[in-house]
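In case you want the letters, here they are:
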Amino acid sequence: MDVYHLLPDRFRSAGTPCYDGEFPPGFYGGSVRETIDALPYIRALGFSAVFIGPFLFNHEHAYHGYHTLDFERLDPRLFGTRPGENPAELPLELMAELRQACDTNNLKIIFDFVPNHIHRDHPWIRDAEHRDWFFRDSHGEPCKFFLGCRELVKINLNHRPAREYILRLAMRLIPYIDVLRVDHALGCSKDFLRELTQQVHAAKADALVLGEFWVDENLWRDSNFLSLIDTFDALDLSEKEQLRVMKTENYELQVVQHFLQITFAGGEDGNPQTFIVDGALDFEANLIIQRHAKRLARDSICSRISKCVPGPGVITLLYKSGWQQSYIHFSVNPGGLWTDSPGFAMKPSCREGWWGINIPASCITFCLTNGTNDWDNNSTQNYTIDSPGVFDLEDGNLKCIHRSDTIVPRVLEPECRVHFWGSPVDANECSCGEYLATEGLIRELSTHFERYPHYFILPQFLDNHDTNRIMLTCGNQYSLVLSIAAAVRHISRQFNHPFFLYYGTELGMTHFKDIRSMEYGDNQARQPFRWGRKEYTQHIVSMTGALFGSSTNSEIALPWYLSLGSPDQRTTTTTTTPEQRL
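Presented here is a report on the structure given in the accompanying data block. A quick note: this is a predicted structure, and the numbers were derived from the prediction, not measured.

## Re the overall build of the chain
Counting its regular elements, the chain contains 18 helices and 23 strands. By the burial criterion, 60% of the 582 residues in the chain qualify as buried. Intrachain contacts of the chain at a sequence separation of at least 6 include 71% that bridge at least 24 residues. Only carbon and sulfur atoms are counted for the fraction: they give 49% of the accessible area of the chain, which is about 23,700 Å².

Okay, structure coming up:
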């Protein structure tokens, strides 16, 4: 299964993309009904399923859909309204529209289900009837929350009336969907997850339940993590204690992620009688993918430095020092891997006493050294250059001499000479260096998959709405994104695991700061999709070729992409073919 992952508000929205700076949260005008118009594009790319973010009735600021206020109706902003409909009364049965449209386009539906928590403004929290539906302190106030966020109150799924209500809700959704993705399944009762999976299978034999058992890197490093473990109801007492030991002894996050995922797969021995859900979004594999992407990005940037000349998309740094040799030790993007110490040797420049280097990057964080014990690191803060251009650094004073006139190289590479194996499942047909570059990734993912029982589904993804985009991780090198995407999909198919592509990856959408480095940083990874732009068409061609081994997909998809255009120029797409509209 090849899955296209999108957020309703951002996929077909009227918002203006933001390349730099903070991207403000809020609704941007997209909806499920707008997405229905674009399903032919998704299918034409070659995908067989669509994973849509939640769209039940939400808090007024929750554009993403994860702050539920009413499980019984659809959100008018996220689902969309038609003339004559009451926005306050959109029943769940309207999901039949999405079901019918996906059936028409031969697409399966993955629904993002949020049973662990509700927003604090939900009326249940204050009424007496639902008092026991939540964990409360001695004063009667809610005392358990989603990862410590007091806006999101945790539901007590061990309380039978609460559990039965959520299970009935899931059964109402099942006729319209094929896969139920359980958000923050780590917080849900293990018995609830097992019962949910059993009821879903009974209602629809081929339906699946996928859990999200994820610990974010920042969360794992947080000193408050130990206090959150008590809210992970999917773990029994011994498993919680094991997780506490892992935190206390500072285990690697990949080891922790494996422990969480294998627990719900029936353990290392793979007993099919003890698994809890059908599968888990594979955050362990994603750590492997991210690590290899950073390494390959660093190696690629480094290999190009010796051939690099000043120009658009290039940072030229001139550095004055009295050292006999100067080295630059740098990272090509926020949060990326650093060069091996001491870094790259700079060359004497045309200015006497100045060293110089050209780096093909749009953003670097760096320090300088003489290769032994002397460092120039801006008083331990390091230096940062956030755009291409020419810069000089003298006595700690970094100045921009000339800033590049264009930001295009930060988003698009002018050419993409990448070839992939002709068949998406046969690596033997690879005839270029990209496969060799990703061979280590393929080998490590193969070993990873072999540690899990064959019946446990492990959807693979390059990035998602909660992580940095893969384009940023790859140092904004689109050819590297293609290589990694092709490699991950290839090995996923060999082991019969789904492959997820996050919306906009085919365009090379990116951002220029680590999302963990700013308030509302996740909005950087959730910018509106860029419809109808000719400068992205070559990227779509390259991605469909990389993933599906054929240009036929892009020949069908491009007319849809161009004709749908920007949402402020929307036209009806259900009565004409893309060829007719072109």
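## Quick look at the nonpolar core
By size, the foremost hydrophobic cluster in this structure holds 131 residues, and its most contacted members are Y41 and L193. At ten residues, the largest contribution of residues to this core is made by helix α15 (residues 478-494). Residues within four places of Y41 in sequence aside, it is in contact with Y4, F11, E506, F529, W531, I540, A557, W560, Y561 and L564. Ranked by size, the runner-up nonpolar core spans 21 residues in total, among them I305, F330, M346 and I385.

## Describing the sheet that holds strand β20 (residues 389-394)
On the basis of which strands lie adjacent, the open sheet formed by five strands has the order β15-β16-β12-β20-β21 and mixed pairing. Looking at the sheet topology across the chains shown, the edges are occupied by β15 (347-348) and β21 (397-403). Bridging between strand β12 (residues 315-320) and strand β16 (residues 354-359) involves six bridges; their strand directions are antiparallel. Following the sheet pairing, L317 is matched in β16 by I357.

## Some thoughts on the pattern of salt bridges
For the structure shown, the criterion picks out 34 salt bridges. R160 is the partner of E195 in a salt bridge, and the nearest nitrogen-oxygen pair spans 2.6 Å. In this pair, E195 sits in helix α6 (residues 190-203) while R160 sits in helix α5 (residues 160-173), placing the two residues 35 residues apart along the sequence. Linking R526 and D466 is a salt bridge whose minimum nitrogen-to-oxygen distance equals 2.9 Å.

## With respect to unusual backbone geometry
Phi is positive for N106, close to 55°, though the residue is something other than glycine. Given the relative accessible area of 55%, N106 is considered exposed.

## Things to note about the packing of α15 against helix α16 (residues 537-548)
Angle between the axes and distance between the axes are the two parameters that describe a pair of packed helices. Contact geometry of α15 with α16 gives a least axis separation of 8 Å together with a crossing angle of 25°. In terms of their interaxial angle, α15 and α16 are classed as roughly parallel. The crossing of α15 and α16 is right-handed. Between α15, through Y478, V481, L482, A485, A486 and R489, and α16, the contact on the second element is made entirely by H539, S542, M543, A546, L547 and F548. Split into classes, the residues belonging to the contact of α15 with α16 amount to nine nonpolar, two polar and one charged.

## Some points on helix α9 (residues 237-248)
For an α-helix, the turn length of 3.6 residues means that residues three or four places apart are oriented alike. With twelve residues, α9 should reach 16 Å at 1.5 Å per residue; the first-to-last C-alpha distance of 17 Å fits that figure. Every buried residue belonging to α9 is among E239, K240, L243, M246 and K247, and all of these are buried. Angularly, the buried residues of α9 cover 115° about the axis, an arc narrow enough to put them on a single face. The exposed residues of α9 that point more than 90 degrees off its buried face are L237, S238 and T248. Where α9 is buried, its residues contact α6, α7 (217-221), α8 (225-228) and α10 (253-263). Note on α9: the residue one or two positions beyond its end, N250, has a positive phi of about 60°.

## As for the environment of V50
Relative to the assigned elements, V50 resides in strand β2 (residues 49-52). If we ignore the near neighbours within four places in the chain, the residues touching V50 are V3, Y4, L6, I42, C102, K108, I109 and I110.

## Some remarks on the sheet that holds strand β6 (residues 117-119)
In spatial order, the strands read β6-β8-β7; together these three strands make up an open sheet with antiparallel pairing. The open sheet has two free edges, formed respectively by β6 and β7 (145-146), since each of these has just one partner strand. In terms of strand pairing, β6 meets strand β8 (residues 149-154) through three bridges, oriented antiparallel. The residue bridging I118 from the neighbouring strand is V153, located in β8.

## Considering the side chain of H117
The residue H117 is located in strand β6 in this model. By relative accessible area, which is 1% here, H117 ends up buried. Within the structure, the side chain of H117 is placed 3.0 Å from the side chain of N116, a separation counted as a polar contact.

Cut-offs used in this document
Throughout this description, residue numbers start from 1 for each chain and increase along the sequence as written. Owing to the predicted nature of the model, reporting of local features is limited to residues with pLDDT of at least 70; listing and counting of side-chain atom pairs is limited to 80 or more, with chain, interface and lining totals taken over all residues. Where side-chain values are given, they derive from all heavy atoms of the structure, hydrogens and water being excluded. By definition, any uninterrupted DSSP run of H or I lasting at least four residues is a helix, any uninterrupted run of E lasting at least two residues is a strand, and each is numbered from the N terminus. Three labels apply to residues, based on accessible area from a 1.4 Å probe with only protein chains included: buried if under 20% of the type maximum, exposed if over 50%, partly exposed otherwise in between. Any two residues having at least one pair of non-hydrogen atoms within 4.5 Å are treated as being in contact. Surface accessibility follows the Shrake-Rupley procedure with a 1.4 Å probe radius. Residue values consider only the protein chains on display as shielding. Residues belong to a common nonpolar core when they are buried Ala, Val, Leu, Ile, Met, Phe, Trp, Tyr or Cys residues joined through side-chain atoms within 4.5 Å. Strand pairing is defined by DSSP finding a minimum of two bridges between the two strands. Criterion for a salt bridge: a side-chain nitrogen of Lys or Arg within 4 Å of a carboxyl oxygen of Asp or Glu. Lines fitted to the C-alpha atoms define the axes, with helices restricted to the stretch that makes contact. Angles between their N-to-C directions range from 0 to 180 degrees. Orientation categories follow fixed angle ranges, with anything under 35 degrees roughly parallel, anything over 145 roughly antiparallel, 65 to 115 roughly perpendicular, and all other angles oblique. Take the far helix as your reference; a near helix turned counterclockwise from it by less than a right angle gives a left-handed crossing, and one turned clockwise gives a right-handed crossing. Basically, the charged four are Asp, Glu, Lys and Arg, the nonpolar ten are Ala, Val, Leu, Ile, Met, Phe, Trp, Tyr, Cys and Pro, and anything else, Gly included, counts as polar. Each residue after the first adds 1.5 Å to the expected span of a helix. As used here, the arc belongs to the directions running from the helix axis to the C-beta atoms. N or O atoms closer than or at 3.5 Å make up a polar contact, with two conditions inside protein: a donor-capable atom paired with an acceptor-capable one, and, for residues adjacent in sequence, both atoms drawn from side chains.

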